[in-house]
Every structure is written in C-alpha cells, then in structure tokens.
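# Residue-level structural notes
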Amino acid sequence: MPVETSVVIPNYNNEPYIATCLEAVLANPGKNEVIVVDDASTDNSPNIIRKFPVRLIRNENNSGPTKARNIGVREATGEHLLFLDGDAAIDKDYIPTLSDFLETHPLTGVVSGRVVESSTGERMWYNFGYDAAPLRDGVATILHDQVLKHWDNLRLRRFLSTIATPFTLNLVDDRQRKVDWVVEMGFMTRRALFEQLGALDEGFVMFYEGPDYCRRVRNAGFEVWYTPDSSIYHLGEHSHSSETRQKFFDDSRIRYYEKYPTNPL
C-alpha cells in the first residue's frame, strides 16, 4: 500500500533525545515512513538512529535544519509531509490527527498540533502567530521577557491577554484556530503543495523557515491551522550554544523582514 505520511527529521547531535523522538513516531499508526537526515553530527546519535527501522541519510557537512528537511523530502514518498525536530516527541495519535485534518479541510495547506514545553507542561511560546513585523515582534518580546515573568496575578494576566491580542497570539486561549503561521518543529503539509512552492527557503538556515513557508502557502490561496487535539513535546535544546542560536535567530528575522517589506505592525 502507498505511504500516507513521510516524517522528515533533521538530526544534529541529538543523542539525548533522538531515541525518544523515534519511539514516539513509530508508535503512531498508519502507513508512514520515517526519514532522518543527520546533519554531520559529532555525537553518537547516528548509531542510535541505526537501531530503528527508519531511513538514515548522512550529510558530510553541517548545513542547518532547513536544508536537511529539504534533503529528506527529496527522498520522501508520502502524500503528506510531517516535519519533526530530533529533540521532540509526539502523541501516539499525532500523525493521524494532522493527516485527517488535511483530508477533511481541503483548503488547509499546513496544520500543526499543540507544542508543549516538557520542562513546564505549558504551551510553547511562539507555537503559532501573526506574520512577523518589527513592532509586533518587539512588543511580544517585551511581554515575554519583561512582563510575564513578574505577573502571577491571574486577573492581571487575563487583562494582559486581551490588550496584547493585536500584537501576539501567544496569550490566546487554546482552541482550534486559523493562524498566519505555525512553528516548523512539528507541522504537516501536503507534498504536492510543498513541491509546487519550491520547498523550504534555505536562506533561513535556522528559524523563520516555518513562518516563511506558511506565508507562501497562504499566498498560494491555502490556509494555515493550529489544532490542540494532539501534542508535540519539546524535550530540550543542546545542539548549538545559546549565542549561536541567537545569531541564527537574529539573522533569520532580518532576512524575513527584508523578504517581506511590511508596515511595522
């Protein structure tokens, strides 16, 4: 029978998490294939991956997760593509939940489940959101870094959630909704649409490749959806230093603003 979903996982030094990631994926039902693209890891993660019934592709040089995802897709055969980070795990019904959503919502081009920070059990900040814009992003950052850490009063947080809605979706209630973008950590898209749009933009080495792809999906006349019906769990970050990750984030943010000139909000 044909493969329904191809799960594409970029891996770079994910030794602490990759086994948990693959166990969770393989526990999902359906005709699925799993393709792991190892991005020149220097740890033992490739040997761990070889113990699982998945396809392993090894890059000679580290090129970043965006390019690794595109490499994986070139080998994929599934009608649907699920991009999953190597430091994440998914519920046992994550793949069929997202696949069924695409099948029953023909205008949907991308869908993601609820992303949970394993360390806190809370929905991850920047799980989904509005199109990036300088003023909007600045306000969201201030809310996250300066305000929320100090506001424990539930009534004040509800008030803040209301007045912050034009700037960020991070504080909205957890229900199914159409959004501008979902994070690339665990979203599903249609393979035909992915090929039509020309894959992920490898100019975004790390970060913003998801928002960029979602924006192109919407420009092509399709929708982007978030559904909390099934969850993905962010297990941890370790493959790059915080300084390196921040540099990639800042560079990608600037590139996104340059690619999509827009009003500040």
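That block above? That's the structure.
Let me sum up the structure you'll find in this document. (Residues numbered from 1 in each chain as written. Predicted model: local features only at pLDDT ≥ 70, side-chain atom pairs only at ≥ 80, totals over all residues. Heavy atoms only, no water.)

Considering all chains together, one arrives at zero disulfides under this definition. Here Cys21 stays unpaired: no disulfide links it, and the sulfur of Cys214, its closest cysteine neighbor, is 20 Å away. Judged by its relative accessible area of 0%, Cys21 falls in the buried class. (Disulfide = S-S within 2.5 Å. Buried < 20%, exposed > 50% of the residue type's maximum accessible area, 1.4 Å probe, protein only.)

Scanning all chains against the criterion turns up twelve aromatic pairs. Judged by centre distance (5.6 Å) and plane angle (45°), the rings of Phe194 and Tyr213 are tilted. Taken together, the positions of Phe194 in helix α7 (residues 191-197) and Tyr213 in helix α8 (residues 209-219) put the pair 19 residues apart, joining distant regions of the chain. Considered together, Phe194 and Tyr213 belong to a single accessibility category, that of buried residues. Between Phe204 and Tyr256, the aromatic rings sit 6.5 Å apart at their centres with planes inclined by 50°, giving tilted as the arrangement. Taken as a pair, Phe204 in the loop between α7 and α8 and Tyr256 in helix α9 (residues 242-259) lie far apart in primary sequence, 52 residues in all. As far as burial versus exposure is concerned, Phe204 and Tyr256 are alike and both buried. (Phe/Tyr/Trp six-rings, centres within 6.5 Å; stacked < 30°, edge-to-face > 60°. Helix = DSSP H or I, 4+ residues; strand = E, 2+ residues; numbered from the N terminus.)

A separate point is the pattern of salt bridges. Scanning all chains against the criterion turns up 18 salt bridges. A salt bridge links Asp173 to Arg177; the shortest N-O distance between them is 3.0 Å. Residue classification places Arg177 among the buried residues on the basis of a relative accessible area of 11%. Between Asp212 and Arg216 there is a salt bridge, with the nearest N and O atoms lying 3.2 Å from each other. Residue Asp212 and its partner Arg216 are both found in helix α8; the two are separated by four residues, about one turn of the helix. Side by side, Asp212 and Arg216 carry an identical accessibility label, which is buried. Taken together, the shared-partner salt bridges connect Asp201, Asp212, Arg216, Arg255 and Lys259 into one network. (Salt bridge = Lys/Arg side-chain N within 4 Å of Asp/Glu carboxyl O.)

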